[in-house]
Structures are given as C-alpha cells and as structure tokens.
Amino acid sequence: MSLSKRNKKNKTMKKIFIVFILSAGLFVSCTELEVTPTSFTTTENLFKTQDDAVASVTAVYASLTLDPGEQTLFGRNLYFLTDMASDYAAAGVSATNPQVRALSSLTHDATSDRVQVAWRQIYSGINRANVAIDNIPKVSGNEVIKTRLINEAKFIRALLYFQAVRLWGGVPIVLHEPTSIAVESLKSKRATVEEVYTQIIKDLTDAESLPSTYGATDIGRATSGAAKSILVKVYLTRKDWPNTILKAREVINGGYGYALFENFADAFERTKENGKEHIFSAQFEPNQAGNGSSGINFAATSFTGFTATEPADIISDVALFYDIYAAGDTRRDASYMKQLLNPATGTLYTFPKPLFKKYIDFTNLNARSNTGVNFPIIRYADVLLSLAEAINERDGATLEAHELVNQIRRRAFAKPILTPNVTVDLVGRTTIQLREDIREERKKEFVQEGQRWFDLVRWGTLVTEVKKVTAKNSVSERNNLFPIPQSERNIDPVGLPQNDGY
Amino acid sequence: MKKILNINSWLFILLLSVSMNAQDNKLLIQSKLNGRVVDEVTNEPVIGASVSIKGITHGVVTDIDGKFYFQTGQKFPYTIIISYIGYKKKEVYVDGSPVLVELKPDVQELNELVVVGYGKQSKKDITGSVVSVPKENLSRVTASADNLLRGAVSGVVVTQSSGSPGASSSVRIRGGSSITAGNEPLYVVDGILIYNDNSNASAGVSNAGASVNVLSTISPGDIESIEVLKDASATAIYGSRGANGVIIITTKKGTKGQDNISYQGYVGFQKITKKLDLLNASDWASLRNDVQASIGQAPSFSAAQIEELKTSGGYDWQSAAFRTAPVQNHQLSFSGGDERSRYAVSAGFFDQEGILLGTDFKRISLRANLERNYSENFKFGVNANYSNSISNGLANRTATSNRNPNALTTLLYQPPVVPIYNADGSYNLNNNPYATAVNNIIPNPINDLENTVNETKIDRILTSLFGEYKVNKEITAKVAVSGDIINTKQNYYAPATTEAGAATKGFASVGNRTVSSVLNENTINYNTRFGDDHKFSALGGYTLQYTQGEVVNAGANTFVNDNNEFNALQDGVPVKPYSDAFESVLKSWLARVNYSYKGKYNLTLSARADGSSRFGSKSLWGYFPSAGFSWNIIDEDFAKDLKGVDDIKLRLSAGTTGNQEIGNYLALSSVGSVNYSLGGTIQTGLAPTRLANPDLKWEKTTQYNAGLDVSFLDRRVNLVFDAYYKKTSDLLISVPVPLISGYASVLQNIGGVENKGIEIGLNTENIKTDGFSWNSNIVFSANKNKVTEIGNGIEQFFPIVPNSTLLQQQPVTVKVGLPLGTFWGYKSDGIFQTQEEVNTQPKINSLANTRIGDRRYVDTNGDGVITATDKVSLGTSQPKFVASFSNTVIYHDFDLNFSFQGSYGGKIFNALKQQLEISTLGTNASTALLDRWTPANPSNEIPRATSSPLGIVTERYVEDASFLRLKTITLGYTLPKGIASKIGTKSIKVYVSAENLFTWTKYTGFDPEVSTFEQNNLYPGIDIGSYPNSKTFLTGINVTF
C-alpha cells in the first residue's frame, strides 16, 4: 500500500469515527422521556371550554345508561335489586348468573356481584357529577349555561344518592373528585340516612332552578319539573306528607304541561318518548353503548325469541301478578305478552308464561340488544299516585285523593281521564281501603319500572308480600336493605359497617 | 480483483470437480488426492489440520485455505484420518479426488463462545445461566420460532394457546413473575430488542378471535442459534426488560469460503388428534325428552322416533368441520463469503391449511445478511428481514360470547338431529327447530366456518445496520441502528347467512395497525490481559429505543348482498369507527465488567439504567445491577484426582431486573368518551377513567441463582444443574380502591410474587461406535410460584375473565400464598339421592329449587348453606414440573430423532366440558350425560337432566392436564457424499417426520396444551372454544449445492 493511499485511508477512518460519534450523539439528544399522549386527554387538561363542560355533564347522564361490558344501571342492573328481589319478577331459566338467581330467591349475600356493580355504577356517576361540579366554574363560557350544567350534575348526583340511600341506608357522602391515589384519602365512612337525605334535598333544591323546558337538541336533560318530581318521591319516602303534597302540587300546577298519555302503552312507545307524561327518563338510543348495542337489556332478557325457553327476566307467579288485572285494564297487555305474532312465519306464537313487554321494540325484533325504548325514571302517573298517597295518609281518603287514583284507573281502562266514569271510578273508600287501592294500582302500573321493591319497603310490607311467592320464601326483614358490597368492606371494614342480617 | 478471482476459481473448481469425478477414478494408477478441510458448522477452512492415511505414517498439514494435497503409492480406496485441536477426530473413506472433509467442532471444547447480551463470551468464563437450544431442535419443522424452544431448554415452558395455524403461544422462563404486566421474555433478534406482544398484530377488528403470533413472522429456517438467558447475571444487562428472561435469536450469516446454495423443503398433512365424544341423535332425543319432563312438558320425541334415529344415525357436525389439511414449506438460501465480505440470502415460503374449515396461514419471508470488512479496523453490515404473512383464523361471535364464543363451540352444541346440508347440497340455514331464526336465517356453524372472512395480513420489516470500529487491539466500538416495522391489516366479513351477520344483514370490519420501533445502540468493548493470570473485559454503552404506533378500524353492516365483503364499507350502514396512537421512549446506559483469574475464578458485574416514558414523572429512571461468580473447580489441584470427571464448575449469581411491559401512558390520568342521547341524537360525553400515578414504575425482580456444571466419562455425560429463587416486588397491580371514589382500581407498584425452582439439563452420549451413535438430552424443570402480596390489605381477588359465563363463575383467583392461575370452586359430593337429603343437607343458596338428582357440594365452612365462601382452591394451571427427553440415533447414513415431552401436575379448567355437560333443550351434550341421574339410574356422578344451563366450577371440570407426548419423530437418510456429488450436490438428506404422534393424558378435552386466553397471566389454562391441536406428518428434503 502506497503512502498516499495509506493517508487517504487514515482520513477515511477518521471520518468514520466522527460519523460514529455523531450518530450516537444525534440519537441521545433528540428524544425526551416524557411523552404527551395524542389519542386521549388527561383529566388535568380537560376543562378549558364550555364544550368541555357540556361533555363532562353528558358523561354524568351517561352513567344512567352506559357501562361498557356490564348491564347498565337503568338498563337492567338496578332492576335486579328493585324488581327481581321484590315479589313479581324472577330469574328465568336463561338467567345463568348464580348471583342473579340468588337475588331472585332473596338468598343473596354481601358477595353479590349485582349489588357490587350497582354500588359501583352509582358512585361512578356521583364522581362524574363531582368532577363536573368542581371543575365547570373554571372553564370560560356563558355563566348561565355553566350554572345550568352544574345544576344538572347536582340533579343526577341527588338522583343517584336517592337510589343509594334507599338500597343501603346511610352511605358515604362524597362531594368532590379525588385528589390523590392514596387509599386512605379515598375512603369515607357511612353517613347517617338523615345526612344523605339532607344532601339530596340540597342538590335537588338547587336543581329546581333548572329550565322547565329545553330546545329540541337538549330534550332529555333534567328540568325543574324533574327536580321537583324527584323531591316528591324523596318526601314521600321520608313520609313527609306536607312537603310531598306541596311539591307534587307544584309539579301539577306549575305550568309544566305534564299530563297522562291517553293510551297507557304510549308511555313505552319509542316514537312518543319524552312526551307529556315523561318527566325524566333514562335516554336509550340504538348503538349508544357501542356497535350493535343500546345499553337497555330488557328487550333481550325479557324475550328470547319464539321459543319455549324461559327468558332471564320473567314473571314470578302468573296467578299473583298477571291474572289480577280486571277485564279491560289495558295495562296488562301493555306490560305482559302471552302471545306474539311471529313475523317470519305469520303465525301467532304462544309463550308458556306471559313475558314482560314494556321495553320491546316491535319494529326491531331481530336486534333486541339494540333497541332504544327509554326507561321512565319518573312518570307523571307516579306524581299523581304519590300525591294521592300523601293526601290519604295526612288527610284521609279525600275526594282529591280519590280523583287522583281514578285518573290513573280511567286511563288504564282507556276512558277519558278527566271525566268521572261510574264503571272504573273508586268511590267512598276509607283511608285504609284507599291505601290498599293505591298500592294495588302501583303494582299494576309500574311493572318493570324499578318501583316495586322501593314501594314495598316504604310501606313496610316487603316480607309479607314477597313471602306469598313460594320460590321467594327466604325473604326476611334483612331484605329491607341490601348488603354493603364485601369488596368495599374488605378495603374499609371500619368505616363501612355491614347492614343487619348480612 | 484478487478476491473476485478467488471466488470464480473456487466456483470453477467446484463445477469441474463435480463433472470430472467419474473419469478420475478410472484413470488413476498411483493416487493423487486433493482435499479441503472445513468447519462443519461455519464452513470456514480449518488451517493446520493434520491429514494422514490410515495405516501408514505419511501425513500433511492443511494450508491457509484449508487445502491439502497427497501423492501416494496407495490405490484408492483408502481411509484418511483428519485431526485438529478443537475438533473431533474424523476418519474418511475416500475412493477418489478431490475430497471435502467437514470437521465437527468438539462442543465440549472449553473455548466455545456463547452469545450473551451485547456480545459473546467464552463458555468457561461465563457466570450466569445461559443455555443454547440444541441444534437438533433448531432443525425441527415448525411454523413459528417459539416452537423451537419447546422442551429444548430447562426452565422454559412454552404453552401453545391454540392449534390454529400461525397462532400464538406463551413462553415462560422460570415461571410468571408478574400479575398484570407482561410475562413474556424479551427477544433479541440480531441485536434488535423485541417484546413479543401479540397485540402488535391486532388491529382491534371486532370478532377477530385468537391473535396471530408476532414471532411467526420470522422463518425458523433462518435461525442459526437461540440462547436462553435465565438468571440475573445474564439478563440484568437488559435492565427493565430482563425480568422474564431473555431469548437471543441469531440468524444465519455467511462465512468465508465456499458459496453454498441450499434448498430445504417439506410437504405433509395434518389431522385432528381427537374428537370429543358427543351424544348421537337417538341419545340426544332421549335427553331432550328428559329435559322436557324436568319442566313438566310433554316429550319431544316418541319412542318410535328415537328408534328410527338409532338407524338413521343423525348428523356428525364435528366430522363436517375438520379436515385433513396440507402443509408445505420451501426455503432457498445462498451463503458464502471471501476474505472481506460475507453474505447469507434466503427466501422462504410456508403454506399451511388449518384442520378446521376456513383457516390457513401463509408466509413469504426474505432475508439478507451482509457483512463487509471495509478495512482491517472497520467492518459494517446489514441484517434485513422482510416477511409477509396472511392468516385466516377462527372468528369470535359478535354476541357477548358467553357459553358459545365461536363457530367451533356452536357446532359442538349443534343437536345431532339437525341436518348440516339441504338435499341439494347447500347449507341448511332454516331447518332447525331448536334455534330461533334471525331475519329468516338459522345460522349453520359449518357455513360460518367456511364463509366468514377473518383475515390478518402482517408485513414486517426487521432490519439492522451496524458498524464496528477497532480503535486498537483492546478497544472496539460499535454503533447499530435497527428498525422493526409491523404493519397489520385485518379484514373481517360475516355474510348475512352467518351467526355474526344475520341480525344486521352482513357485518364488515377492517382495521390497520402500524407499530414501528427504532433502536440505536452504541457500545464500546475493552478486552485485555494483565500477565497470564488476569483476563479483563469491559463493556459500556448507551442505547435508545423509540416506538410509535397507530391504529385505525372501521366497520359497517346492512349490505344489499355479500358480494364485496369487507371492501366496500360505504355500501353499508357505518358503525362507530376507532383510532388510536401511542409512542414510547426508552433510554438506557449499560455497563459490564468481566474479570477472570487464571481461568479459575470468574467475576461478572453488570448494570443498566433505564429511563422509560412508561413510568411516572417521579420515577423515570430505574437501575438494575447484577453480580455473578463462577469457579472452575476442575482446574484446582485437588480436583485432578477426581477420576472420570472432566469438568466441574460452580456458578453463583444475584441481581435485579425489571419489567416495564405495562402499556403506555398508564401513569397519566385519562378521560374517556361515553355517550348519552340528548335530543334524540347520541352526544359524546367525557368522563374521567383513570387517576394519575406519578410514582408508577417498573416491576422489580431480584433473582438468586446457583448452578453446577459437571462433565464426566470423557465428556460423554454432561450435567447442568441450577437452582434459583426469584422475588418480584413493586408488582404493578390494579389495586382495588374504594368504589365510592368513582374508580374501581388504581395501577400501583404494590404486589409481590415469588418463583423458586430447580432445572436439570443432562446431555449424554449413550453409544458411540464407528457406525452407530446414540445421544440423548434430558431437560427437567420444576418451578413453584406463589403470590406474596396483593396490596391494600387485600388477600384475594377474582380476575375478570372476558367471557360472561366464565366471568360470573369466577373460576380463577389471585390469592396470597397460592400460585397465579389458581382455580377456585366448589368441591362436589355426589348427587342428592333422596328428598330427605335435599331437605336436610346444605344446598347451594342460589339454586333455590334443588331437587333429587342435583349435584351436592361440600359445605367447607360448615354454616349449613353452600355459598361463595365454601369455594376452595382446585389446583393451579402451573405444572409441578415439565420435562423432555430427546434422542438422536445415527446408524451410518440414517439418523433418527425423537423427542418426548411431558408436563406433570398442572390443571386445566375445562369450561367446554362443563358447558357440554349442561343439558338444555336446544344443544348437544357430552356422552357423559348417558349416565345422568334418573330414578332408574341413581348415578352419583352426573346430575339429572334440567333446562337450567348453570355452570358451576367444581373439581370435575378442573382436570389434570399432565401429559406425556411423543412430540416429534424424524427419520432421515443422508446420501453418501459420493452419490450426492455425482448428482451435482454437496449433500442431500431426505426425511420423514411426524409431530404429536402419540399423547398419553387423562385430559378429556381436545388437547392438554391449551390456553384460550393466550398470553394472559391472570386466567391461564382455561379451555373454551380453543382451536384443537393437530398431528402432523411430513416428508422433506435438504439439498446443498
């Protein structure tokens, strides 16, 4: 090798060496360890604009109807507790979850997954409301809208605490979003029933200042009428008759335009949702819970197609709950179906037992898990019957109390609602008789509407009524409350003492 | 120019010698012998080897090209003896010139180099537990590289998750050390660090079913060696990714010397190993009558109808679904090199049909490995691999897949009285009174299998460029830049006639996922000796890996017809689309020091610092040190007297490694979208979904290892023994927090798991005579796994199994003191035989209507009722030990390889069996139900027929998964060199081979090697709807030109 070649080579080698060092250095300097996600927002970065605030409140509402991978709160999960664990509903053969069967036979314990999921869903919604209430004040935007959004969140928070306090008694009151992941800071001990109600009434009182109506794109949001109507139920549950009567009259006479549908079945007709009788409903919509699912399960679990196989949600005792409707009472065939026309064969199919019917969308029998019938959280009929109950309890069986019950009955029998009718009207009932009448009407009126267990507990008749159903004779006084989920007590055994009997 | 001449002349000589062979033989009177001696493995010339003719003293030595030349009075034929230090002495029978002699390296040679992290090390100096996969395993016929590890190395358990072509398996080195983070080892392919996350090959298309194995993108035929790094001394150099062990894969490189062209190919077929015993038509009809009776309904079949079914026989849905499926593989490789350049180039094609209709796997792979000595001090090279694979897998159902996750289970449940085909040969899509029609279609699972498209196409480029610069004799610097790009496209289409497409008149979904990772590694090596006694080497480096990924998928339904399948989403009604993006950065400093004194005492210290973007802002950097010590006892004076012992080495090591396979961004809080309908339209809401944890960091595993390597009887028996203890702390667990916080859990470093075990590798040369040899390799490993802490005072939790039926049963638990994957359920206690028993004995509380003939469960806590608190551990999916016994028998030109594999003490929750033993009105059942309880047959095993499909986890369904299997058997014949060369080749080998030929097991499912939920650590060993394993029969040929 000549000298010049050697020099050239040496130069090249130096170059290579420099490239080496450079390439290493380049990579060292160009990348930071802290990466910013581009496909999701962190909580800290969420609340900037009014749209963010709106979205955070939409999420609060969504806690009623959406929980990916689970039955949704008002789409079925509450139903296990408030209906299947009452007298008229039962777990059918297709109910494969032992915990669901346990609720049906009232043999559930603190490990019940349904009870735990309901607890989780309720508090998840409360947390979303807390996040919205804590953060909306700091976004830029219209103060009126911001206040409205906060009050909507308060309405849902109160609604959820109202479920919780009735299901479990005094529950922990959490009013702010968590600021740390330390478990100690996330714990909170059970408050008294009184404290929970005080909080509920406070939130609902704030929510009374909500608008009474919304524009077309906002229909479905909580209104002042809804806040007052939930307050009616709160006071009724507390046996605070004067306030029940006061609030119910505000709802009835407040110019909100509420009225009963002339046809009972219309209350569960998709085309009539958010109508004059619907004061507040959990809004379900096809594909809402993801592709091919709406979040309301009743259509799929009450009707499994034209087969003899018993669905998961079924009437417990036909004689006690189906055969009781008088001839002409339209509520029976709006709530149950004994037969159904099979569109594929053109023949009328007869089921071994009548099936629940209210949430089945007959225009969409094939995609039953993707139907969009709303779940009525409070209907005007409930306000009327609540007022009748409160008047009867405070003042006795007055004419007004009679009239309120009769409006419900006339509608049930497809008679003009406000015109006295000798064939269906109740007349001259005593307080005790009218009390029984109201209870009977509620039983027939609110099938699959999440009312029955609350009613029976409020009346103190849970054990006697449920015992009438043979398969449910394990019922006892403990069933007036549900157990605090064991998983919660594992983390905080001290702050969360268990309810009696569990 | 000189080099080119060299290559050309070699080619010329090669061709000439091949063509002239025949003539030479006849013409010779006094023989002249031209020959060349090369290393059998590397093909490098062996310089200075001595060659002599047997029986006479005349001998020569090979030159710099490994060539030698003889002139002798001996006539052909005669035998020559070739010997060289480091190689096994060889005798070759020659009947003509020239001759090529391949010497086999003496594997026991102490200077053998072993691939370790970021370099190679002399086997004698190694302090850690590093094991190479035997060559016999590497030549095994398989679709995916991870299968080469099966039964090859102690301490490595490979579990196939399904028999689907191209499907994934899970690899565990020394047990699972993590609960929720990844447990797969780190793979290092030609220096590129890869975590084998199968989700990288999933675009998230709905219903896609079992995932495709990312490692299947590497052609097994390209693999030169696989090393398994097990203890901390070996793996700590990989820091936060070393906790689950490291597998180093090196692909074939060219070598100086001859150019080789080789072809490897095989064809064969596969068959199902077994079918499940299901009821025939008449037995099913009787069962249905009993179910009807249990709910007070009239029988569905008259006695005459049942009798008629006995003769007509019904329909065998299983047989209609399975087929004998062909498999073929072809690989063509070119390799060689000269003084300054080396190359290896290959192309491969693999094509496998699945034994289940509608499934297959195809792969094209291309590889080019090039290396060039630019100068004496500098060399550079490239390793490039491209592969394209297409697989069609078994699709999942759209429904929330409870007892029936896919078409395989649907067909097993299909009543045997339902015809598969119509009279005209088309699929029966309406004649089935036991199912409900949807849009006038009653889905037919065979039609579903055949016509559902579930395609995954993966393009992968795995490439690295490196330059290596020798600063001086002692210092070498290396820079490598590599890239790994995985581009996955998934296509799914369920026609309107299928289960998943009927309700929506067709369902189409497409998705794309691209993940690319760039890695830059800069290392400096320092090697020196101080005097004769002190050997010292050091390694330092800085590396950086940047990974980013993007995912998008979209779907539509309600198509006019099925013509365009997934290629015209615009013709249907769109469903919600999805897109996502992520990135991660890992920066690392690494260092290692090796010191060896007199070759007797060796010390290795290593450390790595990893900074990962996945960790929380308060703990971005982790530090992972290790120390290893080994002592070559044999070199001590006192050991000289040990007769028959050739080697004894003691190894001790301790160190800390980490696991950062926790996913991206998990330290940050997040907001997710949730919908609500307002004004009749769906609005997007944003809800908090995760709390931030700025302290989030890697999982930390501290491992102690003691090993002993012993060779005796002239190195015919070699034993490697290791015992280890691995303690993992700071385990990432989604710790349940009070639900009143609005969150169910928070990811925290809180748990602990320990693994301890022993490993034995025993390699023996049982018989060694002239024409006959028999070698065996026994591998044994026993691992004990235990969860030591879950955190927040919680002792037990039940992982959410993504299957609504199993989720409710809660079959698996994580409990302090028990191994991961522990099955949890009731102990059963026969059947209620009398009403007296029903009235007085404990009953399961949720089955309010317990009757005579129902199963009885044990009231373990004695409170009079059967509740969830009576559930107990029913065993774990983790085996007590696994072992394999591999043999190579060579008789002249024949070689026989066979390998047994076994596993003992593991359990599988056979959820499919549980579901098949549930009677319903509309589904077929296991033949076990023939023995069901009836008043006339008071069975104490099988309950009465009911229509309540309620699955209960009991020991009946948690089955012993122990097995012994003749995993592979291969008989090969290598043509004598003379004949091979006459037809113009260097060597030809033909073989026949069978895989999974025999399996001895008590497991009643399709196959005891199963894990429906794939790589998941929380609920391994569940069998429901997994693609069954197959037997494979192959015949193949390997030719080198």
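Student: An account of the overall build of chain B is needed here, citing residue identities and associated values.
Tutor: Within chain B, the secondary structure is distributed over 13 helices and 48 strands. Over its C-alpha atoms chain B spans a radius of gyration of 32 Å, differing by no more than 12% from the 31 Å that the globule rule assigns to 1041 residues. Counting every position in chain B, which comprises 1041 residues, the buried fraction comes to 57%. A fraction of 70% describes how many contacts in chain B between residues 6 or more apart in sequence connect residues 24 or more apart. Accessible area for chain B stands at about 40,600 Å²; split by element, carbon and sulfur atoms hold 56% of it. Positive and negative side-chain charges of chain B, numbering 94 and 94 respectively, have mean locations separated by a distance of 4 Å.

Student: Run through the interface of chain A and chain B, naming residues and quoting values.
Tutor: Contact residues are listed per partner, giving 86 residues for chain A and 84 residues for chain B. The contact between chain A and chain B buries some 7,300 Å² in all, and 67% of this surface belongs to carbon and sulfur atoms. The interface formed by chain A and chain B includes zero salt bridges. Counting across the interface, chain A meets chain B through twelve residue pairs in polar contact (both at pLDDT 80 or more). Among the elements of the structure, α1 (3-30), α2 (50-62), α4 (98-104), α5 (113-135), α7 (183-186), β2 (278-282) and α19 (486-491) of chain A are those that each provide at least two residues to the side of chain A that touches chain B. Looking at the side of chain A that touches chain B, its residues break down into 39 nonpolar, 33 polar and 14 charged.

Student: With reference to specific residues and values, describe the sheet that holds strand β6 (residues 90-94) of chain B.
Tutor: All names here are of chain B. In spatial order, the strands read β3-β2-β5-β6; together these four strands make up an open sheet with antiparallel pairing. Sheet topology places β3 (59-61) and β6 at the edges, where each strand pairs with a single neighbour. Averaged over all pairs of adjacent strands, the angle between strand axes in this sheet comes to 25 degrees, irrespective of strand direction. Relative to β6, strand β5 (residues 78-83) runs antiparallel, the two sharing five bridges. The residue bridging I80 from the neighbouring strand is V92, located in β6.

Student: Mind laying out the packing of helix α14 (residues 380-395) of chain A against helix α16 (residues 431-445) of chain A, listing which residues take part and the relevant values?
Tutor: Residues and elements named next belong to chain A. Contact geometry for α14 and α16: axes closest at 10 Å, N-to-C directions at 160 degrees. As far as their axial angle goes, α16 and α14 are roughly antiparallel. Relative to α16, the crossing made by α14 is left-handed. Residue-level contacts link A381, D382, L385, S386, A388, E389, N392 and E393 of α14 to T431, L434, R435, I438, E441, R442 and E445 of α16. Looking at the contact of α14 with α16 residue by residue, the class counts come to five nonpolar, three polar and seven charged.

Student: Describe the packing of helix α10 (residues 241-253) of chain A against α14(A), with residues and values.
Tutor: Residues and elements named next belong to chain A. Look at α10 against α14: their axes get within 9 Å of each other, and the N-to-C directions meet at 145 degrees. As α10 runs across α14, the sense of the crossing is left-handed. Of the residues in α14, those touching α10 at W241, P242, T244, I245, A248, R249, V251 and I252 are Y380, V383, L384, S386, L387, A390, I391, E393 and R394. Of the residues contributing to the contact of α10 with α14, the split by class is twelve nonpolar, two polar and three charged.

Student: How would you summarise the pattern of salt bridges if you had to cite specific residues and measurements?
Tutor: Throughout the structure, instances matching the rule amount to 83 salt bridges over all chains. The salt bridge involving B:E371 is made with B:K379; its shortest N-O contact spans 3.6 Å. By relative accessible area, B:K379 is classed as partly exposed at 24%. Counted as one network, the salt bridges with shared partners bring together A:E277, A:D329, A:R331, A:K358, A:R379, A:R409, A:R411, A:E441, A:E445 and A:E449.

Student: Now, about the pairing of strand β16 (residues 246-251) of chain B: what can you tell me, with residues and values included?
Tutor: Residue and element names in this part refer to chain B. Buried residues dominate β16, accounting for six of its six residues. With burial as the criterion, each face of β16 is covered, one bearing V246, I248 and T250 and the other bearing I247, I249 and T251. Alignment of strand β13 (residues 186-189) against β16, held across four bridges, turns out to be parallel. Bridged to V188 within β16 is I248.

Student: Provide a residue-level description of unusual backbone geometry, including the pertinent values.
Tutor: All names here are of chain B. Residue P98 is bonded to the preceding S97 through a cis peptide linkage, with omega at -5 degrees. Relative to the helices and strands, P98 resides in the loop between β6 and β7 (99-103). The phi torsion at K505 lies on the positive side, around 55 degrees, for a residue other than glycine. Here K505 falls in the partly exposed class, since its relative accessible area comes to 42%.

Student: Explain helix α8 (residues 193-207) of chain A residue by residue, including any values.
Tutor: Residue and element names in this part refer to chain A. Compared with an ideal rise of 1.5 Å per residue, which puts 15 residues at 21 Å, α8 spans 21 Å between its outermost C-alpha atoms and is within 8% of the ideal. Looking only at α8, the buried set comprises V196, Y197, Q199, I200, D203, L204 and A207. The buried residues of α8 all sit within an arc of 160 degrees when viewed along its axis, so they share a single face. Looking at the packing, one finds that the buried side of α8 touches α6 (143-168) and α9 (224-237).

Student: Describe in detail the packing of aromatic side chains, supporting the description with residues and values.
Tutor: The tally for this structure, following the rule as stated, stands at 60 aromatic pairs over all chains. Its guanidinium or amino end placed over the ring of B:F963, B:R965 lies 5.2 Å from that ring's centre, counting from NZ or CZ.

Student: Run through α10(A), naming residues and quoting values.
Tutor: Taking 1.5 Å as the rise per residue, α10(A) with 13 residues should run 18 Å; its terminal C-alpha atoms sit 18 Å apart, in good agreement. Backbone geometry just after α10(A) places A:G255 at a positive phi near 75 degrees.

Student: Report on the sheet that holds β7(B), specifying residues and quantitative values.
Tutor: All names here are of chain B. If you walk across this open sheet you meet the three strands as β4-β1-β7, and the pairing is mixed. The open sheet has two edge strands, β4 (67-71) and β7, and neither has a second partner. Adjacent strand axes in the sheet meet at a mean angle of 25 degrees, parallel and antiparallel pairs treated alike. Of the pairings in the sheet, the one linking strand β1 (residues 32-39) to β4 comprises five bridges and is antiparallel in character. Bridge assignment links L33 to a residue of β4, and that residue is F70.

Student: Tell me about the side chain of B:Q318, and name the residues and values.
Tutor: All names here are of chain B. You can see Q318 is positioned in helix α6 (residues 317-321). Looking at Q318, the relative accessible area reads 4%, which means it is buried. Aside from chain neighbours lying at most four places away, what touches Q318 is K275, L276, L278, L411, L412 and F1006.

About the cut-offs
- Residues numbered from 1 in each chain as written.
- Chains lettered and ligands numbered in written order.
- Predicted model: local features only at pLDDT ≥ 70, side-chain atom pairs only at ≥ 80, totals over all residues.
- Heavy atoms only, no water.
- Helix = DSSP H or I, 4+ residues; strand = E, 2+ residues; numbered from the N terminus.
- Rg over C-alpha atoms; globule rule 2.2 N^0.38 Å.
- Buried < 20%, exposed > 50% of the residue type's maximum accessible area, 1.4 Å probe, protein only.
- Contact = heavy atoms within 4.5 Å.
- Areas by Shrake-Rupley, 256 points an atom, 1.4 Å probe, with all protein chains shown as cover.
- Lys, Arg positive; Asp, Glu negative; His and termini not counted.
- Charge placed at Lys NZ, Arg CZ, Asp CG, Glu CD.
- Buried area = accessible area lost by both parts, 1.4 Å probe.
- Salt bridge = Lys/Arg side-chain N within 4 Å of Asp/Glu carboxyl O.
- Polar contact = N/O pair within 3.5 Å; in protein donor to acceptor, adjacent residues only side chain to side chain.
- Nonpolar A, V, L, I, M, F, W, Y, C, P; charged D, E, K, R; others polar.
- Pairing = 2+ DSSP bridges.
- Axes fitted to C-alpha atoms, helices over the stretch in contact; angles between N-to-C directions.
- Parallel < 35°, antiparallel > 145°, perpendicular 65-115°, else oblique.
- Left-handed = near helix turned anticlockwise from the far one by under 90°.
- Expected span 1.5 Å × (residues − 1).
- Arc of directions from axis to C-beta.
- Phe/Tyr/Trp six-rings, centres within 6.5 Å; stacked < 30°, edge-to-face > 60°.
- Lys NZ or Arg CZ within 6 Å of the ring centre and 35° of its normal.

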